[in-house]
Amino acid sequence: MAVSSVQIFSGLKPQIDSLIAHSTVHSRSPVSLEYNSFWVKGGFVSSSVSGLSRVRAIVRDKGERTEDHPLVGDKQVIDSWPRLPERDFAGTPYVPVYVMLRLGVIDMNCELVDPEGVLDQLRILKLVNVDGVMVDCWWGIVEAHTPQVYNWSGYKRLFQIVRDLGLKFQVVMSFHECGGNVGDDVHIPLPQWIREIGQSNPDIYFTDREGRLNSECLTWGIDKERVLKGRTAVEVYFDYMRSFRVEFDEFFVDGVISEIEVGLGPCGELRYPSYPAKHGWRYPGIGEFQCYDKYLMKSLSKAAEIRGHTFWARGPDNAGSYNSAPHETGFFRDGGDYDSYYGRFFLNWYSQVLVDHGDHVLALANLAFEGTCIAAKLSGIHWWYKTASHAAELTAGFYNPANRDGYAPIAAMLKKHGVALNFTCVELRTLDQHEDFPEALADPEGLVWQNGGKKSNSDQTPIFSWIRVIQLVIIFLDIGRVSGMVVLPSHI
């Protein structure tokens, strides 16, 4: 198999400002990389990138939902980096390359920011044979003021420019707030009409044990509660996706839109907002459970009643705080309550709410975008992975202690809907994490390999070493599980 042999970044430096990346937390601060070429069988990638560049490699089952592209011919490149082990990928699918547009390319009035500059930058990408671009369609911009009144004007102009250049789109349905996370350079809140509802009914947001609200996204407790001007949260998401599908029908018919990524939680990821910086969380804190809004507590009470233990209708009272370590808590320590009868009940319920939310939203996404590839993003929470409880994963909704595969139910749910999984932290090395934060007992490589065998997997992450990413892409190419790559450059 050949990785695209285009010189992705050559000449991009003067005009790259509007191409910027999302981020995931706590990659190692790297030394900037100068201009280098990275050789792979059948092609090369030349770059002038800093260590804050990003890449996303989509990993799927061999033969599943991959696009057919012409193979890239062999080309000899001599570079200053150590050569990778040679593998012959001839005859296997081409790997398309996409570049993420910056978060603020569309402003709060749904107008395209600096159209001429965007056009110039897209022309550069076309010249270097990039397949397409990825963009967030923000709920807080499009349905900003009135329920079911959608303004797609700026996105239509952007899509027309991209189509005219012969590029394709991967589009993110972003139902979360932008701002306050690592890499966010703009602030895009939830729609104003949602925030007005939240003022009178704050339980529409996730809530921690101390009663602190997180307005980054809506609680999954209202997925089936008609508290949003007569609609449930899931109906609101579906109406938004259906409006997009209707408004951009010609781009679907023409094949300009190649994939839809559906936002499922904070940062667009399928997880609870368990480690919010706005509430004082710092790496490598274990985070806190986010189930104390009245709707999720009602769900917990019902589950406890069905189980026959009504006194289990509560969250753990010994799970520490955002910046605790597992051994400092009675719940997460080795032999702690996480593995008691109550602990297993609570964590089963907590994680099942997450799976059910993904199931409900993705079922409707398949209705809205029938015939289009759909993806979902999962956060790679690698800190405290070397402990028995995997505390940081538990608070985020991944019931993945050392004696249980917490990602199998999620993978099964995604497989049920034919949805690809964008999984983070592929580029991180366990040794480097140990050098920087030995107290975190992190193991990103162990987490990646645990999920590497899942059906319909993929990856979106910040990178500090291009050679590391290319090595991993080749490994996954070798087992037939890569169908694309998204490069998210910043600080170039």
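Our subject in this report is the structure included herewith. (Residues numbered from 1 in each chain as written. Predicted model: local features only at pLDDT ≥ 70, side-chain atom pairs only at ≥ 80, totals over all residues. Heavy atoms only, no water.)

Thoughts on unusual backbone geometry
With the exception of glycine, most residues fall at negative phi, and the peptide bonds are largely trans. Going by this rule: The helix and strand labels rest on DSSP assignments: H or I over at least four residues marks a helix, E over at least two residues marks a strand, and numbering proceeds from the N terminus. Three labels apply to residues, based on accessible area from a 1.4 Å probe with only protein chains included: buried if under 20% of the type maximum, exposed if over 50%, partly exposed otherwise in between.
Looking along the chain, the bond that leaves Tyr283 and enters Pro284 is cis, with omega of 5°. Of note in this structure, Trp384 is not a glycine but carries a positive phi near 65°. Backbone geometry at His390 places phi at a positive 55°, although glycine is not the residue there. Within the secondary structure, His390 is located in the loop between strand S10 (373–378) and helix H9 (391–396). Relative accessible area serves as the criterion here: at 4%, His390 is assigned to the buried category.

Considering the pattern of salt bridges
Put simply, the rule is: Each salt bridge in this description consists of a side-chain nitrogen of Lys or Arg and a carboxyl oxygen of Asp or Glu lying within 4 Å of one another.
This model, assessed by the stated rule, comprises 16 salt bridges. Two residues, Glu247 and Lys156, come together in a salt bridge whose shortest N-O distance is 2.7 Å. Of this pair, Glu247 sits in helix H5 (residues 233–247) while Lys156 sits in helix H3 (residues 153–164), and the two are 91 residues apart along the sequence. For Glu247, a relative accessible area of 33% puts it in the partly exposed group. Here Lys416 and Asp359 are joined by a salt bridge, their closest N and O atoms 3.1 Å apart.

Re the pairing of strand S11 (residues 420–423)
Heads up, the rule is: By this definition, two strands are paired if DSSP reports at least two bridges between them.
Burial along S11 is two-sided: the face carrying Ala420 and Asn422 and the face carrying Leu421 and Phe423 are both buried. Bridging between S10 and S11 involves four bridges; their strand directions are parallel. From the neighbouring strand, Lys377 faces S11, where its bridge partner is Asn422.

A closer look at the nonpolar core
The condition is simple: Definition used in this section: a nonpolar core is a set of buried Ala, Val, Leu, Ile, Met, Phe, Trp, Tyr and Cys residues joined via side-chain atoms within 4.5 Å. Contacts between residues were defined by any pair of non-hydrogen atoms, one from each residue, lying within 4.5 Å.
Of all hydrophobic cores here, the largest spans 124 residues; its most connected members are Tyr155, Leu158, Phe159, Leu218 and Phe244. Every residue in contact with Phe159, bar those within four places of it in the chain, is listed here: Val135, Phe169, Val171, Phe244, Phe248, Phe251 and Ile257.

Looking at helix H10 (residues 408–417)
Applicable threshold: Summarising the geometry, the arc corresponds to the directions from the helix axis toward the C-beta atoms.
The complete set of buried residues in H10 reads Ile410, Ala411, Met413, Leu414 and His417. End-on, the buried residues of H10 take up no more than an arc of 160°, which puts them together on one face. Among the exposed residues of H10, those pointing more than 90 degrees away from its buried face are Lys415 and Lys416. Tucked into the core, H10 has its buried residues touching helix H8 (341–368), S10 and S11. Trailing H10 by a residue or two, Gly418 shows a phi angle of about 65°, which is positive.

Comments concerning the packing of aromatic side chains
The description of an aromatic ring pair rests on the distance of the ring centres and on the angle between the ring planes. Let me state the cut-off plainly: To pair, rings of Phe, Tyr and Trp, with the six-membered ring standing in for Trp, must have centres within 6.5 Å; the planes then decide the type, stacked if under 30 degrees apart, edge-to-face if over 60, and tilted in the middle. A ring has a charge above it when a Lys NZ or an Arg CZ is no more than 6 Å from the ring centre and no more than 35 degrees off the ring normal.
Inspection of every chain in the model, using the stated rule, returns 41 aromatic pairs. Residues Tyr150 and Tyr240 carry aromatic rings whose centres are separated by 6.2 Å and whose planes lie at 70° to one another, so their mutual orientation is edge-to-face. Here Tyr150, found in the loop between helix H2 (139–142) and H3, pairs with Tyr240, found in helix H5; they are 90 residues apart in sequence, far enough to count as distant. The cationic tip of Arg245 hangs over the ring face of Phe252; the distance from NZ or CZ to the ring centre is 4.3 Å. Positioned above the aromatic ring of Tyr342 is the side chain of Arg314, whose terminal nitrogen or guanidinium carbon lies 4.2 Å from the ring centre.

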